[in-house]
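# Tertiary structure, described
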Amino acid sequence: MRVVHTIAGMKEARHRLRGSVGFVPTMGYLHEGHLELARRSRDENRYTVVSIFVNPTQFGPKEDFAKYPRDTERDLAMLKKEQVNIVFMPSAEEMYPPRYSTWVDLEKVTERLEGTIRPGHFRGVATVVAKLFNIVEPTRAYFGQKDAQQLVVIKKMVADLNMNLEVIAVPTVREPDGLAMSSRNVYLNPQEREAALILSKSLSLARKLWSKGERNADIIRREMTSLIETEPLGTIDYVSVADAETLEELAKIDRPAVVSLAVKIGKTRLIDNIVMAR
Ligand code: PAF
């Protein structure tokens, strides 16, 4: 496994690869969810490149950029075990040199859900992912379904800008009790960790209602909200039942929908979702 820190080094390494390249962009502090992306990439491509870069431009001024968990040694050991070929680990100066001034800004899909609460977040995500795609030139790129809106944004960017790669969505990996894996779970104390189950429980409730034939999105939002409100440590940012492609809120679930939510458990903000197809 090669570790590359510069853009020039990464481009040079890429151009020596003959055959398909799978790419897994990450911000490090890897967990089973990331490893699942790397495994899918390894199974479907000749080479796998993983990036580790805590991208400053996708964090708001009051968000957790400075304290975002980092453990490069552990990450590299995990990736080596998964037989990753190249790890790209640029510095912030390498990615955003002085006077950097080009941004990728998507309309509409970024204006809802996470976009309303984290203004500028998707501009940072789309910009860094576009840069990484240009540097790594992957055949396929792998993203977790856990960040449902991010996935919609990246797919839209790739389509709108005619980027030459395939975006692959990989199902969310969960802890045995249902909590979606996230690097931010490390912020939870034992009591909060227990309380965090309210996210997956409310999604299970939505799934159950839908399976029984409920198609009124308002009823599903209301039932989920009532359940989450029983958890004293939880504060709801949003509960959404939206069109899986445009993320527009639905009145009736008559097409593939994503049920998503963001809930603060103590000071930690968690997101989760499920997709309900007809
Ligand atoms: O999902 C993430 O970890 C990040 O948003 C990504 C895609 C690596 C961009 O920084």
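Quantities reported herein were computed from a predicted structural model and do not represent experimental measurements. (Residues numbered from 1 in each chain as written. Predicted model: local features only at pLDDT ≥ 70, side-chain atom pairs only at ≥ 80, totals over all residues. Heavy atoms only, no water.)

As a further point, take the overall build of the protein. Helix and strand content of the protein: 10 helices and nine strands. Computed over its C-alpha atoms, the radius of gyration of the protein comes to 19 Å, within 12% of the 19 Å expected for a compact globule of 278 residues. Oriented by its inertia axes, the alpha-carbon framework of the protein measures out at about 55 × 40 × 40 Å. Every one of the 278 residues in the protein was classed for burial, and the buried ones make up 54%. Counted over contacts in the protein with a minimum sequence separation of 6, partners at least 24 positions apart contribute 72%. Accessible surface for the protein amounts to roughly 13,600 Å². Of this, 50% is attributable to carbon and sulfur atoms. (Helix = DSSP H or I, 4+ residues; strand = E, 2+ residues; numbered from the N terminus. Rg over C-alpha atoms; globule rule 2.2 N^0.38 Å. Buried < 20%, exposed > 50% of the residue type's maximum accessible area, 1.4 Å probe, protein only. Contact = heavy atoms within 4.5 Å. Areas by Shrake-Rupley, 256 points an atom, 1.4 Å probe, with all protein chains shown as cover.)

A few words on the site of the ligand. Surveying the vicinity of the ligand reveals the residues Pro25, Thr26, Met27, Asn55, Gln58, Val128, Val129, Phe143 and Gln150. Within the complex, the protein chains bury 89% of what would otherwise be the 290 Å² of accessible surface of the ligand. At the level of elements, β2 (21–26) and α6 (121–136) are the ones that each hand at least two residues to the shell around the ligand. Here the shell around the ligand is built from residues that sort into five nonpolar, four polar and no charged. (Near = heavy atom within 4 Å. Nonpolar A, V, L, I, M, F, W, Y, C, P; charged D, E, K, R; others polar.)

Where burial is concerned, most of strand β8 (residues 257–265) is hidden: eight out of the nine residues are buried. Counting the residues that bridge the hairpin from β8 to strand β9 (residues 268–276) gives two residues, and of these glycine 266 lies at a positive phi of roughly 65°. (Pairing = 2+ DSSP bridges.)

Right, let's talk about empty space enclosed by the protein for a bit. Taken as a whole and judged by the stated rule, the model has one cavity of 30 Å³ or more. Of the volumes computed, that of the largest cavity is approximately 60 Å³. Residue lining of the largest cavity: Lys146, Leu179, Ala180, Ser182, Asn185, Ala196, Leu199, Ser200, Leu270, Ile271 and Asp272, and that is the complete set. Per-element accounting of the lining of the largest cavity gives the leading share, three residues, to β9. Residues of the lining of the largest cavity, tallied by class, amount to six nonpolar, three polar and two charged. (1 Å grid on protein atoms, 1.4 Å probe; cavity = no way out; pocket = protein on both sides within 12 Å on 5 of 7 lines; lining within 4 Å. Points joined across faces, edges and corners; volume = space filled by probe spheres on them.)

Per the stated rule, a full pass over the model turns up 21 salt bridges. Notably, a salt bridge pairs aspartate 105 with arginine 123, separated by 3.6 Å at the nearest N-O pair. Separated by 18 residues along the polypeptide, aspartate 105 in the loop between α4 (92–95) and α5 (114–117) and arginine 123 in helix α6 bring together distant segments of the chain. For arginine 123, a relative accessible area of 34% gives the class partly exposed. Put simply, glutamate 114 and arginine 269 hold a salt bridge, and the shortest N to O gap is 2.8 Å. Residue glutamate 114 is found in helix α5, and its partner arginine 269 is found in strand β9; the two are separated by 155 residues along the sequence. Exposure class is identical for glutamate 114 and arginine 269. Each is buried. (Salt bridge = Lys/Arg side-chain N within 4 Å of Asp/Glu carboxyl O.)

Our focus in this paragraph is helix α9 (residues 197–211). For α9, built from 15 residues, the straight-helix expectation of 21 Å at 1.5 Å per residue is met to within 8% by its first-to-last C-alpha distance of 21 Å. Within the sequence span of α9, burial applies to Leu197, Ile198, Leu199, Ser200, Ser202, Leu203, Ala206, Leu209 and Trp210. In this structure, the buried residues of α9 make contact with α8 (190–195), α10 (217–228), β8 and β9. Note on α9: the residue one or two positions beyond its end, glycine 213, has a positive phi of about 105°. (Expected span 1.5 Å × (residues − 1).)

Time to look at unusual backbone geometry. Comment: phi is negative for the bulk of residues other than glycine, and the bulk of peptide bonds are trans. Positive phi outside glycine occurs at tyrosine 29, with the angle close to 50°. If you trace the backbone, tyrosine 29 turns up in the loop between β2 and α2 (32–44).

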